[in-house]
Amino acid sequence: MAFIPVNEPLLNGNEKKYLNNCIDTGWISSEGPYITKFEEQFAVKMGRKFGIAVCNGSVALDAAILALGIGNGDEVIMPTFTIISCAAAIIRAGAKPVLVDSDINTWNMDVNQIEAKITKNTKAIMVIHIYGLPVDMDPILNLSQKYGLKIIEDAAEAHGQVYNGQPCGSFGDISTFSFYANKHVTTGEGGMILTDDEELAKKCRSLRNLCFVPKKRFLHYELGFNFRMTNLQGALGLAQLERLDEFVLIKRKMGEKYNSLLKDIEQITLPVVNTNYAQNIYWVYGILLKPESGLNAETVMARLGEEQIATRPFFWNMHEQPVLNDMGLFINEKYPVAENMARMGFYLPSGMAITDAQIETVSEKLKLVLQ
Ligand SMILES: *Cc1c(COP(=O)(O)O)cnc(C)c1O
């Protein structure tokens, strides 16, 4: 029985050609034509004016928070169910993450819980599109207007997704993406910041490059970082971006195939196919074990592992992170929907290169394990 990995990227477009060009021309650092091309074309694709490529999606969030001037005493509202990068960026800037629970259907932040968490210190809402469906943006855009809050949009799992026809990544004052190997567009490691605001774009470019100033090299008025992307990564990104529409179709087909093969399994909840504002793109194909199944994700994942099927657990919530509790954050806070998701959810092999035969094998093994 062949092992089925949880993710395998598809790199059979122009990737090799563009990478060879980097090597042939010697442009392998963060100077080189592919970075600018990738930034420009990615921004156009997402309907934004400015793109700033960085070395991963986590630091894209760091730069976004700092560029918005969020710091000491400020609060940012975000979902508890997400990756640590989101909370880490807020905390490292000296600000405080304020959490909301998840929506039971879409697994995204419950937008109905946001308004009650707004205080005089709230500066922004961090929107994070999770696993394949976008966050319900209209209520958030209304709150942002009503209270004068910035929107930071983490679209790391939503390349090519749209909300009411408008691209994810086009809603934030600043929006960020990741190009890690399991994302819809990959550069191995990589990230992008998008904005329509020229000042924010300038600020992000400066933070990315150690806050060098143009007029005198090695003179600094601010502390920045080396968050630069390489031309090699830009080359990969450009080749991947050319196929984004096709990649979204591949993922939707994968999701539909899993849906049809798994729909009769009593013990699990499948991802929602449609909401009234979007159609799932299945960044990953996640499933939730029902409480009445008497099972939990850890045991089912272990059994699938024995059958040579790789899986990944769902996110572990921010309010249940020892590192954050040790800082005195989120003590005694409870978010029941997200707590259930973290314990009962996991995702099946769902990379871009997955085959129909692999999807069938995974589905059979899952049925076997749940018998
Ligand atoms: C992948 C991901 C990130 C982090 O991106 P890296 O490139 O791995 O640093 C941030 N936010 C979300 C929602 C992600 O899925």
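Just above, that's the structure.
Residues numbered from 1 in each chain as written. Predicted model: local features only at pLDDT ≥ 70, side-chain atom pairs only at ≥ 80, totals over all residues. Heavy atoms only, no water.

J.: Please give an account of the pairing of strand β13 (residues 345–348) that cites residues and values.
T.: Across a regular strand the side chains alternate sides, sitting on one face of the sheet and then on the other. Direction of pairing for strand β11 (residues 285–289) relative to β13: antiparallel, over a ladder of 4 bridges. Looking across to β13, one finds that Leu288 is bridged to Gly345. Across 2 bridges, strand β12 (residues 312–313) lies against β13 in antiparallel orientation. Note that in β13 the partner of Arg312 across the bridge is Tyr347. (Pairing = 2+ DSSP bridges. Helix = DSSP H or I, 4+ residues; strand = E, 2+ residues; numbered from the N terminus.)

J.: For the sheet that holds strand β2 (residues 75–79), give the residues involved together with the corresponding values.
T.: The sheet built from 7 strands is open, its strands ordered β1-β9-β8-β5-β4-β2-β3 with mixed pairing. Bordering the open sheet on either side are β1 (50–54) and β3 (96–100), each of which pairs with just one other strand. Strand-to-strand twist across the sheet, computed as the mean angle between neighbouring axes with direction ignored, equals 20°. Note: β2 against β3, 5 bridges, orientation parallel. What sits directly across from Met78, in β3, is Leu99. Together, β1, β8 (174–178) and β9 (191–195) form the strand contacts of helix α2 (residues 33–45), whose direction differs from that of β1 by roughly 130°. Taken strand by strand, helix α3 (residues 57–67) contacts β1, β4 (122–128), β5 (150–154), β8 and β9, and its axis lies near 165° from that of β8. (Axes fitted to C-alpha atoms, helices over the stretch in contact; angles between N-to-C directions. Contact = heavy atoms within 4.5 Å.)

J.: So, the environment of Asp138: which residues are in play, and what are the values?
T.: Relative to the helices and strands, Asp138 is located in helix α5 (residues 137–147). We classify Asp138 as partly exposed; its relative accessible area is 39%. Linking Asp138 and Val111, residues 27 residues apart in sequence, is a C-alpha distance of 9.5 Å. With residues up to four places along the chain from it excluded, the contact list for Asp138 reads Tyr163 and Asn164. (Buried < 20%, exposed > 50% of the residue type's maximum accessible area, 1.4 Å probe, protein only.)

J.: Which residues make up the packing of α2 against helix α7 (residues 231–241), and what values do they have?
T.: At a closest axis distance of 7 Å, the pairing of α2 and α7 adopts a crossing angle of 35°. Considering how the two elements wind past one another, α2 and α7 form a crossing that is left-handed. Facing α2, whose interface residues are Pro33, Tyr34, Ile35, Lys37, Phe38, Gln41, Phe42 and Lys45, α7 presents Asn231, Gly234, Ala235, Gly237, Leu238 and Leu241. (Left-handed = near helix turned anticlockwise from the far one by under 90°.)

J.: Summarise a nonpolar patch on the surface; cite the residues concerned and give the values.
T.: On the surface, Ile83, Ile84, Val323 and Met327 cluster together into a nonpolar patch covering about 330 Å² of accessible area. Residue position: Val323 is located in helix α10 (residues 322–325). Under the relative-accessibility criterion, Val323 is labelled partly exposed at 45%. (Patch = residues over 30% accessible without salt bridge, like charges linked within 9 Å, V, L, I, M, F, W, Y side chains within 5 Å. Areas by Shrake-Rupley, 256 points an atom, 1.4 Å probe, with all protein chains shown as cover. Salt bridge = Lys/Arg side-chain N within 4 Å of Asp/Glu carboxyl O.)

J.: Can you tell me about unusual backbone geometry, naming the residues and giving the values?
T.: Its identity is not glycine, yet Trp107 carries a phi of approximately 70°, on the positive side. On the secondary structure map, Trp107 appears in the loop between β3 and β4. Of note, Phe330 is a non-glycine position whose phi angle comes to about 65°, a positive value. When you line up the elements, Phe330 lands in the loop between α10 and α11 (336–344).

J.: So, the pattern of salt bridges: which residues are in play, and what are the values?
T.: Under the criterion given, the structure shown has 15 salt bridges. In this structure, Lys202 and Glu199 form a salt bridge, with 3.7 Å as the shortest nitrogen-oxygen distance. With a gap of 3 residues between them, Lys202 and Glu199 both fall in helix α6 (residues 198–208), about one helical turn apart. Of the two residues, Lys202 and Glu199, neither departs from the other in class, the shared state being exposed. Across the salt bridge formed by Lys203 and Glu222, the nearest N and O atoms sit 2.5 Å from each other. Within this pair, whereas Lys203 is found in helix α6, its partner Glu222 is found in the loop between α6 and α7, the two being separated by 19 residues in sequence.

J.: Lay out the site of the ligand in plain terms, naming residues and giving numbers.
T.: In the vicinity of the ligand, the contacting residues are Asn56, Gly57, Ser58, Ile83, Ile128, Asp154, Ala156, Glu157, Ser178, Lys183 and Gly190. Between Asp154 and the ligand, the recorded distance is 2.6 Å, taken from a side-chain N or O atom to a nitrogen atom. Side-chain polar atom of Lys183 to an oxygen atom of the ligand: 2.8 Å apart, as the coordinates give it. Contact with the protein chains hides 91% of the accessible area of the ligand, taken as 380 Å² for the molecule alone. Of the residues that constitute the shell around the ligand, the class distribution is 3 nonpolar, 5 polar and 3 charged. (Near = heavy atom within 4 Å. Polar contact = N/O pair within 3.5 Å; in protein donor to acceptor, adjacent residues only side chain to side chain. Nonpolar A, V, L, I, M, F, W, Y, C, P; charged D, E, K, R; others polar.)

J.: Lay out the pairing of β11 with the relevant residues and their values.
T.: With 5 of 5 residues buried, β11 is to be regarded as a mostly interior element. Across the two faces of β11 the burial is the same, with Tyr285, Ile287 and Leu289 and Gly286 and Leu288 all buried. Sheet topology note: the strand β10 (residues 268–269)/β11 ladder contains 2 bridges and is antiparallel. Within β11, the residue paired with Ile268 across the bridge is Leu289.

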